[in-house]
Amino acid sequence: MAHTFTDILEEARLSARALLDYGEHFFNPTIRLGVTGLSRAGKTVFITALIHGLTRGGRFPVFEAFATGRIARAQLAPQPDDAVPRFDYETHVRTLIEERRWPNSTVDISELRLVIDYQRPNGADRRLTLDIVDYPGEWLLDLPLLGKSYEQWSRESLALSREAPRVHLAGEWHAQLATLNAEGREDEQATLAAARLFTGYLRACRDERFAMSLLPPGRFLMPGNLAGSPALTFAPLDVPLDGTAPEGSLWAMMVRRYEAYKDVVVRPFFRDHFARLDRQIVLVDALGAFNSGPEALHDLEAALAGILDCFRIGRSTILSSLFRPRIDRILFAATKADHLHHLSHDRLEAVLRRAVSGAAARAEQTGAAIDVVALAAVRATREALVARGRDKLPSILGTPAPGETANGETFDGNTEVATFPGDLPVDPEELFNGAGFRGMSSTAADDSDFRFLRFRPPLLEQDGRGEPALPHIRLDRALQFLIGDRLQ
Ligand SMILES: Nc1nc2c(ncn2[C@@H]2O[C@H](COP(=O)(O)OP(=O)(O)OP(=O)(O)O)[C@@H](O)[C@H]2O)c(=O)[nH]1
Ligand SMILES: [Mg+2]
């Protein structure tokens, strides 16, 4: 990739920041942990449960330093970055525990600092600072744009939009696109309409029924304070890969705005946030994708490959050897595993491992260790054997959120139901090639379909000795992988 002036400027800024961070880390050991995942993947719940567990004494048998009592205490410290909103832990925890509701959707980056005082196995007292950064995975999927021209991006976006099931959602936008003359004069109204229809198409793709994951540019669906600005007002055109946009043309206007998007949105995110992370957890709502069938799963696979490529891109194309992103551990976590019986947890992990395998091999060449886990940051269900006729079926019990409906029944938020979660296949390949597996289904023994039910967070029993721990599945395994080695 040719180095433009912007690239060089960017490198200078990055190097300066790296030096600053390095000095700070030297005197005050710090891990910057990135928590990401696509919208509704479970980021906010994960961070809230993690902090609650560490500061209030969770049950973490697999998190060695914690289980052996070497962690003297963990407490929140003031948020260190002045320009980043603080992760609103107190509100989220209150919503989760007192109101038994899931926290509201968050659309921006946020950050929180946790200070952990611990004892090394040799007895010496130490302190580790953990900065947790919650950011939308959609922003990450934008990073590959840095290495792509407008023409390349247009070509790829159009190709993707002509495949099923996307093509059925792109009709209106494609029709408008056919009326545009790329080499004609620039036209603000036509561009506005194109951007609006293209955004509508992206939004439709994200619709739950399709659960499509790969949707750059990410800010089109979560514009924040940039809504309506020129940097967010462009769309793909059907233009040749090696062509040059004539001056004053519609095409040239699109190119200008596409480049502005990179300058205003993508580069600052890379520089100020992504490049400073040490460790990363990528949360994936794999169950949601299974429920939508093989196309959604392939899309998810492509999105995961895209995410892993970001870690490589960081190390090769964009930067010189002066500065390298330092992420050395990446954990992929399938969330909401409490919707499955524990017999299926290992299978869920196997599917995720299969989904990231190709891309993981490439990312590992960069020296980052990669692992996979199926977890529930907050376990909303219990397991039981429920009698059906003469059989006893393994099932899960949970309280559907008020207003949730299934088979014509509307739940009041207080009634517990037993569901028979669908089985995942033993061989993950079955999910990917679609052979006989069309999304998760409830077992034949169950005539009601509870797959999409949202359960309320669990009711915690007060035992009079302070706040009780939140139940979870394998959250401790995630912690052990993400920070365990730094507490040695
Ligand atoms: N049962 C169960 N549901 C979960 C769990 N984690 C998340 N969820 C569900 O997933 C939804 C989204 O979780 P969030 O933590 O808000 O996800 P997010 O990635 O922060 O979402 P955005 O802020 O919208 O990007 C919640 O409202 C819950 O319904 C879990 O551990 N167990
Ligand atoms: Mg959130």
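As the structure is a computational prediction, the values presented were derived from the model and not from experiment.

> Even after reading the chapter, I still don't get the nonpolar core, so can you show me in this structure?
Generally speaking, a soluble globular protein has its nonpolar side chains buried in company with each other. Counting residues in each nonpolar core, the largest one holds 84 residues, and the members touching the most others are Leu-237, Phe-274, Phe-332 and Leu-348. Residues in contact with Phe-274, not counting those within four places in the same chain, are Tyr-135, Leu-140, Leu-143, Phe-269, Cys-310, Phe-311 and Ile-327. Core analysis: the second largest hydrophobic core is formed by 46 residues, Val-45, Leu-114, Leu-128 and Leu-475 among them.

> Honestly, the coordination of the magnesium ion (ligand 2) in this entry has me stumped. Any pointers?
By definition of the ideal shapes, four donors in a tetrahedron about a metal sit 109.5 degrees apart, and six donors in an octahedron sit 90 or 180 degrees apart. Bound to the magnesium ion (ligand 2) on the protein side are Thr-44 (OG1) and Thr-106 (OG1), at distances that span 2.0 to 2.1 Å. In this pair, Thr-44 sits in helix 2 (residues 43–56) while Thr-106 sits in the loop between helix 4 (89–97) and strand 3 (110–119), placing the two residues 62 residues apart along the sequence. Taking relative accessible area as the criterion, Thr-44 reaches 10% and is therefore assigned buried. Overall, the relative accessible area of 32% leaves Thr-106 in the partly exposed class.

> In this structure, what is going on with the sheet that holds strand 7 (residues 369–374)? I would like to understand it.
In a beta sheet, neighbouring strands pair by backbone hydrogen bonds and run either parallel or antiparallel. What the seven strands build is an open sheet, ordered 2-3-4-1-5-6-7; its pairing is mixed. At either margin of the open sheet sits one strand with a lone partner, and together these are strand 2 (71–77) and strand 7. Direction aside, neighbouring strands of the sheet carry axes that sit 20° apart on average. Across six bridges, the pairing between strand 1 (residues 30–37) and strand 4 (residues 125–134) is parallel. Within strand 4, the position partnered with Arg-32 by the bridge is Asp-131.

> What is the right way to read the side chain of Asp-338 from this model?
Residue placement: Asp-338 occurs in the loop between strand 6 (329–334) and helix 12 (345–364). In terms of polar contacts, Asp-338 uses its side chain to reach the backbone amide nitrogen of Ala-380, at 2.7 Å. Those residues within four positions of Asp-338 in sequence are excluded, and the remaining contacts are Ala-376, Val-378, Arg-379, Ala-380, Thr-381, Ile-396 and Ile-473.

> What's the story with the site of ligand 1 in this structure? I'm lost.
Lys-43, Thr-44, Val-45, Ser-105 and Thr-106 are the nearest of the 19 residues found near ligand 1. Interatomic distance of 2.7 Å between a backbone N/O atom of Thr-106 and an oxygen atom of ligand 1. Asp-338 is positioned with one of its side-chain polar atoms (N or O) 2.8 Å from a nitrogen atom of ligand 1. Considered on its own, ligand 1 offers 640 Å² of accessible surface; in the complex 96% of this is hidden by protein. Residue composition of the shell around ligand 1, by class: eight nonpolar, six polar and five charged.

> Sorry, what's going on with the pattern of salt bridges here?
If the charged atoms of two oppositely charged side chains come close together, the side chains can form a pair. Taken as a whole and judged by the stated rule, the model has 29 salt bridges. With a closest N to O distance of 3.4 Å, Asp-81 and Arg-32 form a salt bridge. Residue Asp-81 is found in the loop between strand 2 and helix 4, and its partner Arg-32 is found in strand 1; the two are separated by 49 residues along the sequence. Pair check on accessibility: Asp-81 and Arg-32 agree, each one buried. Judged by its relative accessible area of 3%, Arg-32 is buried. In this structure, a network of salt bridges that share partners links the residues Arg-32, Asp-81, Glu-111, Arg-113, Asp-131 and Arg-276.

Rules used throughout
Residues numbered from 1 in each chain as written. Chains lettered and ligands numbered in written order. Predicted model: local features only at pLDDT ≥ 70, side-chain atom pairs only at ≥ 80, totals over all residues. Heavy atoms only, no water. Core = buried A, V, L, I, M, F, W, Y, C linked by side-chain atoms within 4.5 Å. Buried < 20%, exposed > 50% of the residue type's maximum accessible area, 1.4 Å probe, protein only. Contact = heavy atoms within 4.5 Å. Donors = N, O, S within 2.8 Å, 3.2 Å for Na, K, Ca; no water. Helix = DSSP H or I, 4+ residues; strand = E, 2+ residues; numbered from the N terminus. Pairing = 2+ DSSP bridges. Axes fitted to C-alpha atoms, helices over the stretch in contact; angles between N-to-C directions. Polar contact = N/O pair within 3.5 Å; in protein donor to acceptor, adjacent residues only side chain to side chain. Near = heavy atom within 4 Å. Areas by Shrake-Rupley, 256 points an atom, 1.4 Å probe, with all protein chains shown as cover. Nonpolar A, V, L, I, M, F, W, Y, C, P; charged D, E, K, R; others polar. Salt bridge = Lys/Arg side-chain N within 4 Å of Asp/Glu carboxyl O.

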